[in-house]
Amino acid sequence: MTQILSFNKLQNFSKVTLLSVLFLNFCHISFSFCLLQTNAIKTSKYNFFTFLPLNLFEQFQRIANAYFLFLLVLQVIPQISSLSWFTTVVPLILVLTVTAAKDATDDIVSTFENVFCFFKADLLLLSSSEPLNLVYIETAELDGFVYFSSFSTSNHILLFSLPLYAAVFFLPLFNFLGEVRCEPPNNRLDRFTGVLSFAGQKYSLDNEKILLRGCTLRNTEWCFGLVLFGGPETKLMQNCGKSTFKRTSIDRLMNILVLFIFGFLAFMCSVLAIGNYIWERNEGSQFTVFLPRLEDDPAFSSFLTFWSYVIILNTVVPISLYVSVEIIRLGNSFYIDWDRKMYYARNDTPAEARTTTLNEELGQIKYVFSDKTGTLTQNIMIFNKCTINGKCYGKSFSHEYTDTVDFSFNPLADSRFVFHDHSLVEAVKLENTEVHAFFRLLALCHTVMAEEKKEGELFYQAQSPDEGALVTAARNFGFVFRSRTPDSISIVEMGKQCNYELLAILDFNNVRKRMSVIVRSPEGKLSLYCKGADTIIYERLHHVHPYKYTHVEFLQEFAGDGLRTLALAYKDLDEEYFNQWIQRHHEANTALEDREGKLDQLYEEIEKDLLLLGATAIEDKLQDGVPQTIEQLSKADIKIWVLTGDKQETAENIGYSLVTDEVVNGEYGLVINGHSLVHTYIQFQFMCMLSLSNFKRCAYFVTGELLPYANAVLTHLFLTPSVPQAYALEHSLELEFLRTACMCKAVICCRVTPLQKAQVVELVKKYKKAVTLAIGDGANDVSMIKGTAHIGVGISGQEGMQAVLSSDYSFAQFRFLQRLLLVHGRWSYLRMCKFLRYFFYKNFTFTFVHFWFAFFCGFSAQTVYDEWFITLYNLMYTALPVLGMSLFDQDVNDVWSFQHPQLYVPGQLNLYFSKKSFFKCALHSCYSSLVLFFIPYAAMYDTVRDDGKDIADYQSFALLTQTCLLFAVSIQLGFEMSYWTAVNTFFVLGSLAMYFAVTFTMYSNGMFTILPSAFPFIGTARNSLNQPNVWLTIFLTSILCVLPVITNRFLMIQLCPTINDKVMFKVRQAKATPAPPTRRARIRRTSSRRSGYAFSHAQGYGDLVTSGRFLRRPALTRSSGFTHAGRTTTSFSPMGRSAGYSPTGRPQNNKVPDVEVTSLQMYRTITDSAP
């Protein structure tokens, strides 16, 4: 339960200083003013009153909808319209109703799903149920991390209230009066500045005392807080960005084409109006005898004729087009929802298409922007290998162990920890001195906090998953970390309780890349234990070490296996020297100026002449199939950019795991740090001077502590910002950054804020004009998923549901992305393009026949077809066949789509439907309309029936022309279709059968008797369709219409085959001779060594440990632990998975099934020599 104090809020935005002022329980503040303050956040687009006007306004932004509304107005004018008004009203109302219902459903679902159990506002913590008024919170919805650390880098945080608040809970809340002056609302998640005035005193406020909206309270019964920012002013909402209405590139192209069609329609109507003027002037007077008119003005007649032909030729942009598009998109969305190959059984999570308007855009993606934690990784850390005293222990990739180590000798061991090398346990049992020192260091040198509510039940709160895995490994091998105080650490060493005096913690930071502790053993011996990046540790080793170079070889082997390495060292300290050093350390720690610099000098002084104990190797588990997915997407020419809030080292490790053999083995990387705008510009210029041939097969990393620090690497580019306006994203450098990044295979941006993620995506959209996709699993990804990228994909993992709720598509695993794009996306794009090409063809052909007929009917706006055929042509006769093609067609199946990812490239280049293909379609329609008009016209000219009766009348000609048209477009549809199903066949043949059934019914005597004016074509069908010359004309026109298509396709396949033609040829060959199954092989990755220690660590936890503020409850009285009769249940839970098990309390498999690895290659970087 979270209690929030009532408050009144004022904001004073002066020209000099921006300041927010809050008053606590000040009753004299106007109540009417308080009503203006709200914590409401609007996540819906509509409400009950605004739905109809807003939705209609959005729908009529489509030019075609507005056009048909205009046509409706024209059709109610009897002097103009030659068609009934219902031919436009019914389709228009149908389109508007279907679209409105879909929009309302989507908006209602998204609104109800945006109900969370998180903090609803930004709070100043006042008091809590825990000792020292701390609270445990989870911030996965803010920064995407699921570990215990500081606010800016992890998930479980200790937030400490002000000292005076210890007694607040015991005071009546209405007596707690105060004033808070703080910074105005902003999007900085890692910084807060303010002052609290209370009881005549002022207290400093910083980020450690703030609970942000989106945090989840953990392991804390209650807390009280003061609302600082509410509603859209919260830091989370400030980072979310504005919601945009997403439309596909085909939608945007359609708007352009519709404008062209309108222009072309106006041109045709103008030509026919001019023709009417000329005809009326020369020939019209001869017809006034039997067609008397009130006015005999050719100009006025021409004016009316123009608008009449606007109505008749409106089918050039049929309203049914948009109805069909919505149905096709809905059907393809269902395919995604129903795809069992995208269903994640472990979490019972299916794939979900949360929008129905962007499916074809999935087939045109050029850039993928991905989060790291929880998106690419599983948050699994496994203690895999180690090297001690020149000997290597642990599982080898070349030798699979079938049995695991038995830790039953240790009753405090974690039953879920798995290790495969028995020799290490034997060395521990034989009391090997170096092995014991190795695990003693792991049990002492860390900032992990242990909670033991019951005897023997340990619960670790680890700042980083690496630390959790290392401390858990030490526990299983007999060195159990039990508890700590600000000045002591209690561990169990092989069943013996030992208390070490903690004298100092030399904390970690990004420059040091190591941490050390100074402890006094129970025997009174002073020792410094240090662990960190191997390159850093080796610089500080004693010059004489027997196994120094042996460990280097092992580290290179570990790195080649893709493991995160960490070096361990120690030294014994002289008592007198340490007393002097600790005194200087106290003076530096209390200095007001250059405190960090003075402390660094002292750390450098004492951390030298170390003795190497060994190294650890931790496996950072990627999600299953991530490397293969990225390799497949790369083959499809999709660029992968990783945008993560994590540190550079973590991002580098992901790069090591993901890079394929396209990066040359052993190729060197160059890291350059930029510390200013000018320096960053020089870096980009330098990188552009490097060999472009090397760039093209490399990835690109940009890093630095502030995105200003744009560090370029030859193999990758890391970009690491931590200020809102990063140097590389400034207007003067954004083009340099983009040019350099686009030379490479991949880009990884580190330490980016949610807003900067959106800025990077927007940068690519702005200058590359490419379709982008953003994928993530946390609220820190919402900005790029919802507001910036063309397509947003949410991963429903362990980091909350905000990303899923803001996404367009969602699923449980990153590997499903390749199926979403290469299968569903490509099929949707292909189907939509085929649909549009065919739809424009059949309607242009239908309309152009009217144009040619106008020259033979005196430009009188007479229709060439029966009115019922005009009404039913798009709604009944041709609707189902084209929908069948658009819902079921596929050039190749999903297996071949994966085997040939190059099939995806035409979609990126807009080869299937573009302005060029549209004009080709128009030319083909023009040719077909000429054939469909003049061949029947010539065949019917002066023709008689077999019995000698005349057949050359208007009604017979109309019937013949429309029948030829329907056969021609049906055959054309057959050539467009690549995959025939029973449904497709039924739709095509059934539509032809429906046409003849409806035609004979409407042209029957009975219908004429019921309503003569509506069914004037009495007997036309039975009198015309029983003549052989009529069917011969139908056959001839059909052949002539499709002959150019057949010729063109034959020549193109023979002379210039596309990738689709080549693959479909292989498919036909494979059906005759099945290809042998592909062999699976594990390819060993190689790389230079690097340290994995600092990957998820953060500065500041040394001070936290020694301060005593972390203590939850007094330590329990307990035995040594090794006298228990049986195994106790223990757990470690940094809200991720460490040492191969789930920290959330849910049982997980210890061993993840092997996944096929294809062509994985490692790379290495050379870091800057600067300290």
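Quick caveat, the model's predicted, so the values are computed rather than measured.

### Section: the overall build of the chain
A tally of helices and strands in the chain yields 37 helices and 34 strands. In the chain, buried positions account for 59% of the 1171 residues. The contacts of the chain with a sequence gap of at least 6 include a subset with a gap of at least 24, amounting to 76%.

### What to know about the packing of helix 25 (residues 816-854) against helix 26 (residues 867-877)
At a closest axis distance of 12 Å, the pairing of helix 25 and helix 26 adopts a crossing angle of 170°. Here helix 25 is positioned roughly antiparallel relative to helix 26, judged by the angle of their axes. In this structure, helix 25 contributes Phe839, Lys842, Asn843, Phe846 and His850 to the contact, and helix 26 contributes Phe869, Ile870, Tyr873 and Asn874. Taken together, the residues that form the contact of helix 25 with helix 26 break down as 5 nonpolar, 3 polar and 1 charged.

### Digging into the UniProt feature "active site" (unreviewed entry) in the chain
Sites flagged by UniProt as "active site" (unreviewed entry) map to Asp371. Turning to its location among the elements, Asp371 is positioned in the loop between strand 14 (365-370) and strand 15 (377-388). When its relative accessible area of 2% is taken as the criterion, Asp371 is described as buried. In this view, Asp371 contacts Leu376, Val642, Leu643, Thr644, Lys757, Ile775, Gly776, Asp777, Asp781 and Met784; residues no more than four positions away in its chain are not counted.

### Re the nonpolar core
Core analysis: the largest hydrophobic core is formed by 100 residues, its most contacted members being Tyr309, Leu321, Phe835 and Phe840. If you tally residues by element for this core, the top one is helix 25, at 18 residues. What Tyr309 contacts, discounting residues up to four positions off in sequence, is Cys269, Leu272, Ala854, Cys857, Phe859, Ser860, Ala861 and Gln862. Ranked by size, the runner-up nonpolar core spans 53 residues in total, among them Phe383, Tyr393, Leu470 and Phe477.

### Overview of unusual backbone geometry
With a phi angle near 55°, Lys769 is a residue other than glycine that sits in the positive phi range. Counting through the fold element by element, Lys769 comes out in the loop between helix 22 (754-768) and strand 30 (771-776). Of note, the phi angle at Asn910 is positive, near 55°, even though the residue is not glycine. Position of Asn910 relative to the elements: it lies in the loop between helix 29 (905-908) and helix 30 (915-940). Taking the relative accessible area as the measure of exposure, Asn910 reaches 32% and is therefore partly exposed.

### A look at the packing of aromatic side chains
For any two aromatic rings, the description comes down to two numbers: the centre-to-centre distance and the angle of the planes. Under the counting rule described, the total for this entry stands at 60 aromatic pairs. Residues Phe986 and Phe987 carry aromatic rings whose centres are separated by 6.2 Å and whose planes lie at 50° to one another, so their mutual orientation is tilted. Overall, Phe986 belongs to the exposed group, its relative accessible area being 59%. Members of the aromatic cluster, joined through ring pairs, are Phe853, Phe856, Phe933, Phe934, Tyr937, Tyr941, Tyr954, Phe957, Tyr1003 and Phe1017. Geometry around Phe839 places Lys842 over its ring, the cationic atom sitting 4.1 Å from the centre.

### With respect to the pairing of strand 19 (residues 479-485)
Residues in a regular strand project their side chains so that they alternate between the two faces of the sheet. Here strand 19 lies mainly inside the structure; 6 of its 7 residues are buried. Pairing of strand 19 with strand 20 (residues 488-493) involves 6 bridges; the strand directions are antiparallel. The residue of strand 20 that forms the bridge with Arg484 is Ile489. Two successive antiparallel strands, strand 19 and strand 20, enclose a turn made up of 2 residues.

### Overview of the pairing of strand 18 (residues 457-461)
Where strand 17 (residues 449-454) and strand 18 come together, 4 bridges link them in antiparallel fashion. Looking across to strand 18, one finds that Met449 is bridged to Gln461. Count of turn residues in the strand 17/strand 18 antiparallel hairpin: 2 residues, of which Gly456 carries a positive phi of about 85°.

### Thoughts on the pattern of salt bridges
Scanning all chains against the criterion turns up 32 salt bridges. Between Glu604 and Arg540 there is a salt bridge, and its shortest N-O distance comes to 2.8 Å. You can see Glu604 sitting in helix 16 (residues 595-606) and its partner Arg540 sitting in the loop between helix 13 (534-538) and helix 14 (548-560), a full 64 residues away along the chain. According to the relative accessible area criterion, Arg540 is buried, its value standing at 12%. Residue Lys834 pairs with Asp889 through a salt bridge whose shortest N-O separation is 2.7 Å. Taken as a pair, Lys834 in helix 25 and Asp889 in the loop between helix 27 (879-888) and helix 28 (894-899) lie far apart in primary sequence, 55 residues in all. An identical accessibility class is assigned to Lys834 and Asp889; each is buried. It is possible to trace a salt-bridge network through shared partners that takes in Arg512, Arg514, Glu539, Arg540, Glu604 and Glu607.

Calculation criteria
- Residues numbered from 1 in each chain as written.
- Predicted model: local features only at pLDDT ≥ 70, side-chain atom pairs only at ≥ 80, totals over all residues.
- Heavy atoms only, no water.
- Helix = DSSP H or I, 4+ residues; strand = E, 2+ residues; numbered from the N terminus.
- Buried < 20%, exposed > 50% of the residue type's maximum accessible area, 1.4 Å probe, protein only.
- Contact = heavy atoms within 4.5 Å.
- Axes fitted to C-alpha atoms, helices over the stretch in contact; angles between N-to-C directions.
- Parallel < 35°, antiparallel > 145°, perpendicular 65-115°, else oblique.
- Nonpolar A, V, L, I, M, F, W, Y, C, P; charged D, E, K, R; others polar.
- UniProt positions renumbered as here; feature names shortened; annotations may be inferred.
- Core = buried A, V, L, I, M, F, W, Y, C linked by side-chain atoms within 4.5 Å.
- Phe/Tyr/Trp six-rings, centres within 6.5 Å; stacked < 30°, edge-to-face > 60°.
- Lys NZ or Arg CZ within 6 Å of the ring centre and 35° of its normal.
- Pairing = 2+ DSSP bridges.
- Salt bridge = Lys/Arg side-chain N within 4 Å of Asp/Glu carboxyl O.

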